[in-house]
Amino acid sequence: MRIVRYLKNSKIAVALIVCLLIVQAFTDLALPNYTSQIVDVGIQQSGVEHAATEEMTARTHDLVAMMLPEGDEKMFEAAYDETDQGTYKLNAQGEREQAELDRMVSLPLVAIHYSHQIPDLDLDQALQAYQAGAVQKQQILDMLDKAKEQMGDMGDSIVDQQAIAAARAEYEQLGYNLSDMQMRYLVRIGLTMLGLAALGMAVAILVGFIASRTAAKVGATLRAKLFRQVVSFSDAEVQSFSAASLITRGTNDIQLVQMVTVMLLRMVLYAPILAIGGIIMVSRTNLAMSWIIVLAVVVIGVLIVVLMKVAMPKFKIMQKLIDRVNLVSREILTGLPVIRAFDRQPFEEQRFDVASTRLMKTQLFTNRVMTFMMPLMMLIMNGVSVLIVWVGGSYIDNGTIQTGDLIAFITYAMVIIMGFLMIGMISIMLPRADVAAQRVDEVLSKQPTICDPAPGKARDAELAGRTGGARIVFDDVSFKYGDSAECVLENLDFACEPGQTTAIIGSTGSGKSTVVKLIERFYDVTCGSITVDGVDVRDVSQEALRAQLGYVPQKAFLFSGTIQSNIAYSDEGMPEERVELAAQVAQAADFIASKAEGLDAEVSQGGTNVSGGQRQRLAIARALATEARAYLFDDSFSALDYKTDAALRQELHTRLGGKTVVIVAQRISTILHADKIVVLDDGRIVGQGTHDELMEGCEEYREIAMSQLSAEELNGGDAA
């Protein structure tokens, strides 16, 4: 599963969580056993835990010793010390060998306790004869075996229970207060349970803290990787995913992965540990009823598989439908003025309703499928409880187990089933999370088409440190988008010289903006080459190339912040004088001065709180504030009035005398005085030269010029 791979950098945290979960499982699994002890020992046995009592009368001591084999008799004798009152008390050695002593003395104690119920068995007479040497030990053991046969066919568990009853009678004979013994036992076990519960709580809190921190780290790492990857994408990769899908993958999908990672560390890891521990505890309680748990686990497994088979395909569809809702929402919000202008609100509402309804129906389907899980799981759990009580009742009736053992078995069975139930509940989220992780991986594994050369082959040093303008040359350049069969640009040959203004003009769709994007290397040429000062743009890093260029996009975009932060976007520490100079050249100084806050005036996201012309001037100022050697203006004067356009071009000519200027324009008036004008038609160069040269020799240029300006304006040289 993909989510597991995200944890490879958190191995220590995962290992620590596993260790803590084992401790938590130990505390959880120990409590049912103590509950069983409270019922069996604390209540039914009055707090008497062992058949080998802490103290016994001399008669009982001698009779037990008489009925033990020689090896056991020696161990028994060594385990008890005689007191001044003539009784025998368990010593330190006996406490260490308590379990073995219980095994040895159980049957003799039962025989002593029930001797009056067995005909022809006089233990006192047998003891006297044994002590006098008239009876051998083997005869006593044979007599004990005969007595055991007369007592009936009792299992070891019944013998153990009767031995506890005999031990209780022994304590009563010695004058012990059984009520005090019982209370001491209950208090001791109760405090132990409280301690274990407190430990389990502390461990659970610690596990939750570490799991949440680890999941948050995974989410932050994924977001950082995704952001770096998306930033490295060219326009082609962004368009292949769509902006709406990339936003969903970076927010909704990663959030889902993070949430499931917490569940994975806290519940999915804990469930098998708890289930395995429960199985071990069940095997120590009673193996005869284990088939009930196996049956329950198989039924739960089949249920989960069936539900996942039904729901999994819909989970995959759901994420794409979320993308669709985001896409429609972004289009509606972005194009709201257009929608209102054409009165298309009902149509857009219907379009959004269709996308939202499809998502709702898919979610309803998956939720309805998953709603069957909990009722069916509870039915299985309750059915298992009834089955255990029914089968366990017969075992209690036969004396095979005690009531406390049955309670413990039910608890352990519920723990095991609950472990698989947790896995079942998580399985609702895992398919969606896996789909989300797959979508994130698709972005992370996408290879950018625009890549930097290997560090050893990069020619960055050839451009670094140069001053003045940059010579940009197109050498037989052709370009087509992606797998398109037709070229957008074909066989372009021209040069942009330092200290000169090169203008590119043509009809809509002729490829003007693509030329600028190729210089910026937003795309790579299909054929030919583009060089800056003789260096192919593909042979330098994107950072080094773009440090030479100042770019103003066709659609001016501003970032949320202030006017100053937008103009100084290339350098946060840019001096204010440089910011003011750039604003002055871009003809933005007047409207900035009209604002009370000046350069500190707020700019909303996208620059929606300023006019189109102001937004364009700020975008131009942002490019001029850089220390670029070539400035690329992609139809950046279209929102300016003729007067501002002329003033701006005059400032550019004055301030950027030695720099290279490339202007893409629709308006002839913007490029009348350019040193070179390149005319594009359907992706091909149909003419290049000055305005006067093109008016004489280029029909396409002449048509554009005559459609925009009168003969007088053309001869006058400036429409402003």
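Predicted model only: the values in this text are computed from it and were never measured.

Undergrad: Lay out the overall build of the chain in plain terms, naming residues and giving numbers.
TA: On a plain count of helices and strands, the chain comes out with 30 helices and 15 strands. For 720 residues, the compact-globule estimate of 2.2 N^0.38 gives 27 Å, and the chain exceeds it by more than 25% at 44 Å. Across its three principal axes, the chain shows a C-alpha extent of roughly 150 × 50 × 50 Å. Evaluated residue by residue, the chain yields a buried proportion of 47% over its 720 residues. Of the contacts made within the chain by residues no fewer than 6 positions apart, 79% connect residues no fewer than 24 positions apart. On the chain, roughly 35,500 Å² of surface is accessible, and the fraction owed to carbon and sulfur atoms is 55%. For the chain, the distance from the average position of its 63 positive side-chain charges to the average position of its 86 negative side-chain charges is 6 Å.

Undergrad: Can you explain the environment of Leu549? Please cite residues and give values.
TA: For Leu549, the location among the structural elements is in strand 9 (residues 549–552). Sequence separation between Leu549 and Glu520 is 29 residues; the distance between their C-alpha atoms is 7.5 Å. Leave out the neighbours within four places in its chain, and Leu549 touches Ile472, Ile519, Glu520, Ala628, Ala630 and Leu632.

Undergrad: Quick rundown of unusual backbone geometry? Include the residues and the values.
TA: Even without being a glycine, Ser242 presents a positive backbone phi close to 85 degrees. Topologically, Ser242 is positioned in the loop between helix 11 (235–241) and helix 12 (243–268). Using a relative accessible area of 25% as the deciding quantity, one classes Ser242 as partly exposed. The backbone of Asp635 sits at a positive phi, close to 50 degrees, despite the residue not being glycine.

Undergrad: Describe the sheet that holds strand 5 (residues 489–496), naming the residues involved and giving the relevant values.
TA: Read across the sheet, four strands follow the order 5-4-7-8 without closing on themselves; strand pairing throughout is antiparallel. Only two strands of the sheet have a single partner each, and these edge strands are strand 5 and strand 8 (535–536). Pairing geometry for strand 7 (residues 527–532) and strand 8, over two bridges, is antiparallel. Looking across to strand 8, one finds that Thr531 is bridged to Asp536. Strands strand 4 (472–479), strand 5 and strand 7 of the sheet are contacted by helix 20 (residues 512–519), whose axis makes an angle of about 115 degrees with strand 4.

Undergrad: Can you tell me about the packing of aromatic side chains, naming the residues and giving the values?
TA: Scanning the entire structure with this criterion turns up 11 aromatic pairs. With a centroid separation of 6.0 Å and 10 degrees between ring planes, the pair formed by Phe233 and Phe241 is classed as stacked. Summarising the burial analysis for this pair, Phe233 and Phe241 share the class buried. Measuring from ring centre to ring centre gives 5.2 Å for Tyr481 and Tyr523, while their planes differ by 85 degrees; the resulting arrangement is edge-to-face. Here Tyr481 is found in the loop between strand 4 and strand 5, whereas its partner Tyr523 is found in the loop between helix 20 and strand 7, with 42 residues between them in sequence. On the basis of relative accessible area, Tyr481 is assigned to the partly exposed category, the value being 32%.

Undergrad: Report on the pairing of strand 7, specifying residues and quantitative values.
TA: Two strands pair when backbone bridges link them, and strand 4 and strand 7 are joined in this way by five bridges, in the antiparallel orientation. Paired with Asp475 across the bridge in strand 7 is Ser529. Turn length for the strand 7-strand 8 hairpin, with the two strands adjacent in sequence and antiparallel, is two residues, and the turn residue Asp533 shows positive phi of about 55 degrees.

Undergrad: Hey, could you go over the confidence of the model for the chain for me, with residue numbers and the actual values?
TA: This prediction gives the chain a mean pLDDT of 85; 95% of its residues lie at or above 70. Confidence, expressed as mean pLDDT per element, reaches its minimum in the chain at helix 30 (residues 711–716) with 65 and its maximum at strand 4 with 93.

Undergrad: So what's going on with the nonpolar core? Which residues, and what values?
TA: The biggest cluster of nonpolar side chains holds 80 residues, and the ones touching the most others in it are Met289, Val384 and Ile388. Only helix 2 (11–44), helix 10 (178–232), helix 12, helix 13 (270–285), helix 14 (290–334), helix 16 (345–371), helix 17 (373–398) and helix 18 (403–444) provide two or more residues apiece to this core. Among the elements that take part in this core, helix 18 stands out by supplying 19 residues, more than any other. Discounting residues that sit within four places of it in the chain, Met289 has contacts with Ile388, Val391, Gly392, Tyr395, Ile401, Leu406 and Phe409. Counting residues in hydrophobic clusters, the runner-up holds 52 residues, among them Ala628, Phe633, Ile668 and Val679.

Undergrad: Describe helix 25 (residues 612–624), naming the residues involved and giving the relevant values.
TA: Think of an α-helix as turning once every 3.6 residues; residues three or four places apart then point the same way. In this model helix 25 runs 18 Å from its N-terminal to its C-terminal C-alpha over 13 residues, within 8% of the 18 Å that 1.5 Å per residue would give. In terms of residue burial, helix 25 counts as a mostly covered element, since 11 of its 13 residues are buried. Listed as buried for helix 25 are Gly613, Gln614, Gln616, Arg617, Leu618, Ala619, Ile620, Ala621, Arg622, Ala623 and Leu624. Here the buried face of helix 25 lies against strand 9, helix 22 (563–567), helix 23 (576–585), helix 24 (589–593), strand 12 (630–634) and helix 26 (642–655).

Undergrad: Which residues make up the pattern of salt bridges, and what values do they have?
TA: This structure, assessed with the given rule, holds 25 salt bridges. Notably, a salt bridge pairs Arg538 with Asp536, separated by 3.0 Å at the nearest N-O pair. The class of Arg538 is partly exposed, set by a relative accessible area of 30%. Here Asp536 falls in the buried class, since its relative accessible area comes to 13%. Salt-bridge contacts for Asp645 lead to Arg667; the nearest nitrogen and oxygen are separated by 2.7 Å. Highlighted residues: Asp645 in helix 26 and Arg667 in the loop between strand 13 (660–664) and helix 27 (668–671), separated in sequence by 22 residues.

Each value, and the rule that gives it
Residues numbered from 1 in each chain as written. Predicted model: local features only at pLDDT ≥ 70, side-chain atom pairs only at ≥ 80, totals over all residues. Heavy atoms only, no water. Helix = DSSP H or I, 4+ residues; strand = E, 2+ residues; numbered from the N terminus. Rg over C-alpha atoms; globule rule 2.2 N^0.38 Å. Buried < 20%, exposed > 50% of the residue type's maximum accessible area, 1.4 Å probe, protein only. Contact = heavy atoms within 4.5 Å. Areas by Shrake-Rupley, 256 points an atom, 1.4 Å probe, with all protein chains shown as cover. Lys, Arg positive; Asp, Glu negative; His and termini not counted. Charge placed at Lys NZ, Arg CZ, Asp CG, Glu CD. Pairing = 2+ DSSP bridges. Axes fitted to C-alpha atoms, helices over the stretch in contact; angles between N-to-C directions. Phe/Tyr/Trp six-rings, centres within 6.5 Å; stacked < 30°, edge-to-face > 60°. pLDDT = per-residue confidence, 0-100. Core = buried A, V, L, I, M, F, W, Y, C linked by side-chain atoms within 4.5 Å. Expected span 1.5 Å × (residues − 1). Salt bridge = Lys/Arg side-chain N within 4 Å of Asp/Glu carboxyl O.

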